[in-house]
2 protein chains.
Amino acid sequence: MTQRPDIARGGSSVLAICGGVGGAKLALGLYRVLEPGRLTVLVNTGDDFEHLGLHISPDIDTVLYTLGGLADPERGWGRRDETWACMEALKALDAESWFLLGDKDLAVHIERTRRLKAGETLSGIVGGFARHFGIAAEIVPMSDDPVRTLLDSDEGELTFQQYFVARQCQPKVHAISFAGAEAARAPQAILDGLGGAAYDAVVLCPSNPLLSIDPILRIETLRGALAATPSPVIAVSPLVGGQALKGPAAKLMKELGHAASVEGIADHYRGLIDGLVIDTLDRDHASGLRVASLPTQTVMRSLEDRERLARDCIAFSAELAERRLPSARRAGC
Amino acid sequence: MTQRPDIARGGSSVLAICGGVGGAKLALGLYRVLEPGRLTVLVNTGDDFEHLGLHISPDIDTVLYTLGGLADPERGWGRRDETWACMEALKALDAESWFLLGDKDLAVHIERTRRLKAGETLSGIVGGFARHFGIAAEIVPMSDDPVRTLLDSDEGELTFQQYFVARQCQPKVHAISFAGAEAARAPQAILDGLGGAAYDAVVLCPSNPLLSIDPILRIETLRGALAATPSPVIAVSPLVGGQALKGPAAKLMKELGHAASVEGIADHYRGLIDGLVIDTLDRDHASGLRVASLPTQTVMRSLEDRERLARDCIAFSAELAERRLPSARRAGC
């Protein structure tokens, strides 16, 4: 589609909703094309866990490192120029070593754990880290209350990390639940922003819908605010040609009875989104979707790819807003 | 003095009582000259503290690293080939950085803290670490109960680390107390060993008497067992020519009304020791001591120095045992 130069220059305010790696790529693209302070990233904490006595927030940290320019460009997780001296020394003590913790990464876990114990909120801590990393965007945990993603699998109940890291997504999953989600309070500023049309676009990033976005949507007030917001809400499909670029999205969607396709994604987000960004590879599926769609290049290999997709998302949202499609979304609830 | 070859070969069993660096040097000498399994090291935990949410046991770790061959040979504390990536990353978050934590060192603090929270005892954890480090000696914390050294100074009450690390021993000290010492339980195996004459020598290492040895002696059952043991008990003076080789021993002794001399050391340990090892520099003071003394080279620069002093301690203890001097000690109580 044709980019509108005023939007492409980043005058908009955007709320990005994401999990870890895949979603953080688009968050980085948005961060780079928007003016400083115009991006808010609402991040999944369903993968948070205690390990070696430390509170670890994998998705939050991926977003912090990615937007702070500290992410390892090759590995897809963790920090650049990382070292592993502590990990090696832990192994020498026969300590648990299945979850890799780099020396620099550890600093974030140690300081976050200390501050949480001292009574600070996760959101306050993350905001402080973002400032220390020089990030001119708001990075907001989906809740300061604990929510834990649990997978009912053919190997029994697994925590997210047991499933994702230790078992490498191999077990067949029957159901996913989010312990604590019902009681979890959403960030008030996000609820206010959604209610007050503070965002020119709300973007569900191409994170795993079932593992990374669903925990956020299971917080009832957030889901309600998303469904009701006057702002245009779009999603970017994490599936291309029926495949996930990375991770178990397609496998999980099939196991849980969804179509592993852009149609399945559109169905899953029905009632919440005004439009779906799909890959050009899936352009033939556009006519079968019951939502507006934008076929474009969604695979983000380069920094330019991230920025281009971010501009496409902003422009698509602006177009949807002009066409007043939000009413159609709400009608479809 | 003449070494008796049978003792010098290490047939004896020795209990060494020590704090950190200075004492650990002699513990290493003893470890190297004794047969495997014949050394027990009872270590001060009065300096233990919580930092960044981690339980840190400075003296225990110094002994572990020293006997395990992992100590940094130059710095006098911490691990060899250490790196500081986590510390640098903590500084970047404005986290507390006055207490230096190396990446490898951190592994020990993280795993100890985790196990303590899981309900394991400090002694069990330290024993496990010693085995993992391949140490063929028992390293025993003075108690599994918390004891904290506190200094009443002209800057108010300071914890050990505030005084020693943050304030570099500058404040003038009026009194030292050991919170928790009265309620702390001593290791039963040590009490049994002392009562049952299991040790051919008990050596108070040249650690700071007021800061590193006194916390141990303030545990009433330990002090009583030491005073009553049939085994010979000796101390090695940490003062040479009225000066401490390292640390605030001489300054503290003066501030607290002790003579900063071998006489002051002998007085301080009166009723507990059968003999005092002093430096050859102090040999003229020997006649003024109210306890048997052995002048020898107590300054330990090389590994050979450590081993020679260890052999001297073992031989001196054997000589005291033959002269049945323990009775004289008890009479002097």
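Residues numbered from 1 in each chain as written. Chains lettered and ligands numbered in written order. Predicted model: local features only at pLDDT ≥ 70, side-chain atom pairs only at ≥ 80, totals over all residues. Heavy atoms only, no water.

This paragraph deals with the overall build of chain A. Looking only at helices and strands, chain A has 14 helices and 14 strands in total. Considering only C-alpha atoms, chain A reaches an extent of 60 × 45 × 40 Å along its principal axes. Burial analysis of chain A (333 residues in total) assigns 59% to the buried set. With an accessible surface of roughly 13,000 Å², chain A has 49% of that area assigned to carbon and sulfur atoms. Across chain A, the centroid of the 35 positively charged side chains sits 4 Å from that of the 43 negatively charged ones. (Helix = DSSP H or I, 4+ residues; strand = E, 2+ residues; numbered from the N terminus. Buried < 20%, exposed > 50% of the residue type's maximum accessible area, 1.4 Å probe, protein only. Areas by Shrake-Rupley, 256 points an atom, 1.4 Å probe, with all protein chains shown as cover. Lys, Arg positive; Asp, Glu negative; His and termini not counted. Charge placed at Lys NZ, Arg CZ, Asp CG, Glu CD.)

Let's shift gears to the interface of chain A and chain B. The interface of chain A with chain B comprises 26 residues on the first partner and 26 residues on the second. Note on chain A versus chain B: buried area summed over both sides is about 2,200 Å², and carbon and sulfur give 72% of it. Here chain A is connected to chain B by zero salt bridges. Only helix H4 (85–92), helix H5 (103–117) and helix H6 (122–132) of chain A provide two or more residues apiece to the side of chain A that touches chain B. Of the residues forming the side of chain A that touches chain B, the biggest block, 10 residues, is contributed by H5(A). (Contact = heavy atoms within 4.5 Å. Buried area = accessible area lost by both parts, 1.4 Å probe. Salt bridge = Lys/Arg side-chain N within 4 Å of Asp/Glu carboxyl O.)

Helix length check: helix H13 (residues 303–322) of chain B (20 residues) gives 29 Å between terminal C-alpha atoms against 28 Å at 1.5 Å per residue, within 8%. Two or three places before B:Glu304, at the start of H13(B), stands the capping residue B:Ser302, its side-chain oxygen 3.3 Å from that residue's backbone nitrogen. (Expected span 1.5 Å × (residues − 1). Polar contact = N/O pair within 3.5 Å; in protein donor to acceptor, adjacent residues only side chain to side chain.)

For the rest of this paragraph, the subject is the relation of the copies chain A and chain B. Superposition record for chain A on chain B: RMSD 0.0 Å, screw rotation 180°, translation along axis 0.0 Å. Both chain copies can therefore be described as sitting about a two-fold axis. Among all residues of chain A, the one whose C-alpha sits closest to the rotation axis is A:Asp103, at a distance of 3.1 Å. Mapped onto chain B, 100% of the interface residues of chain A again fall at the interface, so both copies present the same surface. (Least-squares fit on C-alpha atoms with pLDDT ≥ 70 in both.)

This next bit is on the sheet that holds strand E6 (residues 148–153) of chain A. Residues and elements named next belong to chain A. With antiparallel pairing, the three strands of this open sheet are ordered in space as E7-E6-E8. Every interior strand has two partners, whereas the edge strands, strand E7 (156–159) and strand E8 (173–179), have only one. The average angle at which neighbouring strand axes cross in this sheet is 25°, direction not considered. Sheet analysis places E6 next to E7, joined by four bridges and oriented antiparallel. (Pairing = 2+ DSSP bridges. Axes fitted to C-alpha atoms, helices over the stretch in contact; angles between N-to-C directions.)

Under the definition given, this model contains one cavity of 30 Å³ or more. In this structure, the largest cavity encloses a volume near 40 Å³. For the largest cavity, the full set of lining residues is A:Leu52, A:Gly53, A:Leu54, A:Thr113, A:Lys117, B:Leu52, B:Gly53, B:Leu54, B:Ile110, B:Thr113 and B:Lys117. Elements with a contribution of two residues or more to the lining of the largest cavity: H5 of chain A together with helix H5 (103–117) of chain B. The element contributing the most residues to the lining of the largest cavity is H5(B), with three residues. A breakdown of the residues in the lining of the largest cavity according to their chemical character gives five nonpolar, four polar and two charged. (1 Å grid on protein atoms, 1.4 Å probe; cavity = no way out; pocket = protein on both sides within 12 Å on 5 of 7 lines; lining within 4 Å. Points joined across faces, edges and corners; volume = space filled by probe spheres on them. Nonpolar A, V, L, I, M, F, W, Y, C, P; charged D, E, K, R; others polar.)

Our focus in this paragraph is the packing of helix H2 (residues 21–33) of chain A against helix H13 (residues 303–322) of chain A. Residues and elements named next belong to chain A. Their axes nearest at 7 Å, the elements H2 and H13 cross at an angle of 75°. Taken together, the axis directions place H2 and H13 in an arrangement best described as roughly perpendicular. On H13, the residues that touch Lys25, Leu26, Leu28, Gly29, Leu30, Arg32 and Val33 of H2 are Leu303, Arg306, Glu307, Leu309, Ala310, Arg311, Cys313 and Ile314. Of the residues belonging to the contact of H2 with H13, the class tally is nine nonpolar, one polar and five charged. (Parallel < 35°, antiparallel > 145°, perpendicular 65-115°, else oblique.)

Residue and element names in this part refer to chain B. Strand order in this open sheet of seven strands is E5-E2-E1-E9-E10-E13-E14, and the pairing throughout is parallel. One side of each edge strand has no neighbouring strand; the edge strands of this open sheet are strand E5 (138–141) and strand E14 (292–296). Averaged over all neighbouring strand pairs, the angle between strand axes comes to 20°, with direction disregarded.

Let us now look at the packing of aromatic side chains. Residue and element names in this part refer to chain A. Across all of its chains, the model carries 12 aromatic pairs over all chains by this definition. Ring centres of Phe49 and Phe99 lie 4.9 Å apart, and the angle between their planes is 75°; this geometry places the pair in the edge-to-face category. Of this pair, Phe49 sits in strand E3 (residues 49–51) while Phe99 sits in the loop between H4 and H5, placing them 50 residues apart in sequence. A relative accessible area of 12% means that Phe49 is categorised as buried. The exposure class of Phe99 is buried, given its relative accessible area of 11%. (Phe/Tyr/Trp six-rings, centres within 6.5 Å; stacked < 30°, edge-to-face > 60°.)

What follows concerns helix H8 (residues 188–195) of chain B. All names here are of chain B. The complete set of buried residues in H8 reads Ile190, Leu191, Gly193 and Leu194. Along the long axis of H8, the arc covered by the buried residues comes to 160°, so they all point the same way. In this structure, H8 carries Ala189 and Gly195 as exposed residues pointing more than 90 degrees from its buried face. Against strand E1 (14–18), strand E2 (39–43), E5, strand E9 (201–204) and helix H10 (220–228) lie the buried residues of H8. Of the residues one or two after H8, Ala197 is the one with positive phi, at around 55°. (Arc of directions from axis to C-beta.)

This part takes up the packing of H5(B) against helix H6 (residues 122–132) of chain B. Residue and element names in this part refer to chain B. Running from N to C, H5 and H6 point in directions that differ by 140°, and their axes come no closer than 10 Å. When the axis of H5 is compared with that of H6, the two are oblique. In this structure, H5 meets H6 at a crossing whose hand is right-handed. Here H5 contributes Val108, Glu111, Arg112, Arg115 and Leu116 to the contact with H6, which in turn contributes Leu122, Ile125 and Phe129. The residue inventory of the contact of H5 with H6, partitioned by class, reads five nonpolar, no polar and three charged. (Left-handed = near helix turned anticlockwise from the far one by under 90°.)

Residue and element names in this part refer to chain B. There is about 1,200 Å³ of room inside the second largest pocket. Lining the second largest pocket are 47 residues, with Gly20, Val21, Gly22, Phe164 and Lys246 positioned closest to its centre. For the lining of the second largest pocket, the elements supplying multiple residues, two or more each, are helix H2 (21–33), helix H3 (58–67), H5, helix H7 (160–166) and helix H9 (209–217). Ranked by residue count, the leading element in the lining of the second largest pocket is H3, at five residues. Here the residues of the lining of the second largest pocket are counted per class, giving 22 nonpolar, 16 polar and nine charged.

A separate point is unusual backbone geometry. Residue and element names in this part refer to chain B. Even without a glycine there, the phi angle at Leu52 is positive, about 55°. Structurally, Leu52 can be placed in the loop between strand E3 (49–51) and strand E4 (54–56). Even without being a glycine, Gln168 presents a positive backbone phi close to 50°. Along the chain, the position of Gln168 falls in the loop between H7 and strand E8 (173–179).

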